[in-house]
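The primary structure of each chain is shown beneath.
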Amino acid sequence: AEAIVETRIPNLFVAPANVNLAGAELELIDIERREFRLKDALDASGALTRWDVILIDCPPSLGLLTLNALVAADAVLAPLQCEFFALEGIGHLVRTVERIKRALNPRLHLAGIVLTMMDRRNNLAVQVEKDVRAHFGDIAFGTTIPRNVRVAEA
């Protein structure tokens, strides 16, 4: 609860990361119920009844921080770069979600895939989009996020 910051946007609050989070992976290693620390904190703080939606941004790796987020979450929204190796990554994510669902969080499911860094001039990006839509159907969002050179420059 101490980490929550109100924003200028009505009803939007954030809990920003800070440098102390960098050491959390190491500190969690020896803690009992380490996979449930975030879920327990959300339960204890009343956050689950206070807000309708809580978005948890995770690094693109399956460390203890991401595992905590997946145990605390009901659903996964996966951004997917329109590149070849990203298809392999989404396959790993689907298998990981299923394993966590079986072992730690029966509510967890893949709710959506957002295609990012889309460049329709690139045949590979168009093929990745086609493959994702064919395989995942309705959970692949209709809107794509285009590649933006200005973002890369920044």
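It should be noted that the structure appears before, not after, this text.
Residues numbered from 1 in each chain as written. Predicted model: local features only at pLDDT ≥ 70, side-chain atom pairs only at ≥ 80, totals over all residues. Heavy atoms only, no water.

1. Let's talk about the side chain of T66
On the secondary structure map, T66 appears in helix 4 (residues 64-72). Taking relative accessible area as the criterion, T66 reaches 9% and is therefore assigned buried. Leaving out residues up to four positions away in the same chain, T66 has contacts with C58, P59 and S61. (Helix = DSSP H or I, 4+ residues; strand = E, 2+ residues; numbered from the N terminus. Buried < 20%, exposed > 50% of the residue type's maximum accessible area, 1.4 Å probe, protein only. Contact = heavy atoms within 4.5 Å.)

2. Here's the deal with the packing of aromatic side chains
Scanning the model with the defined rule gives 2 aromatic pairs in all. Ring centres 5.3 Å apart and planes at 70° place the aromatic pair F84 and F85 in the edge-to-face group. Of note, R33 hangs over the ring of F36, and the distance from its end group to the ring centre comes to 4.4 Å. Here the guanidinium or amino end of R50 rests over the ring plane of F13, the centre of that ring lying 5.2 Å away. (Phe/Tyr/Trp six-rings, centres within 6.5 Å; stacked < 30°, edge-to-face > 60°. Lys NZ or Arg CZ within 6 Å of the ring centre and 35° of its normal.)

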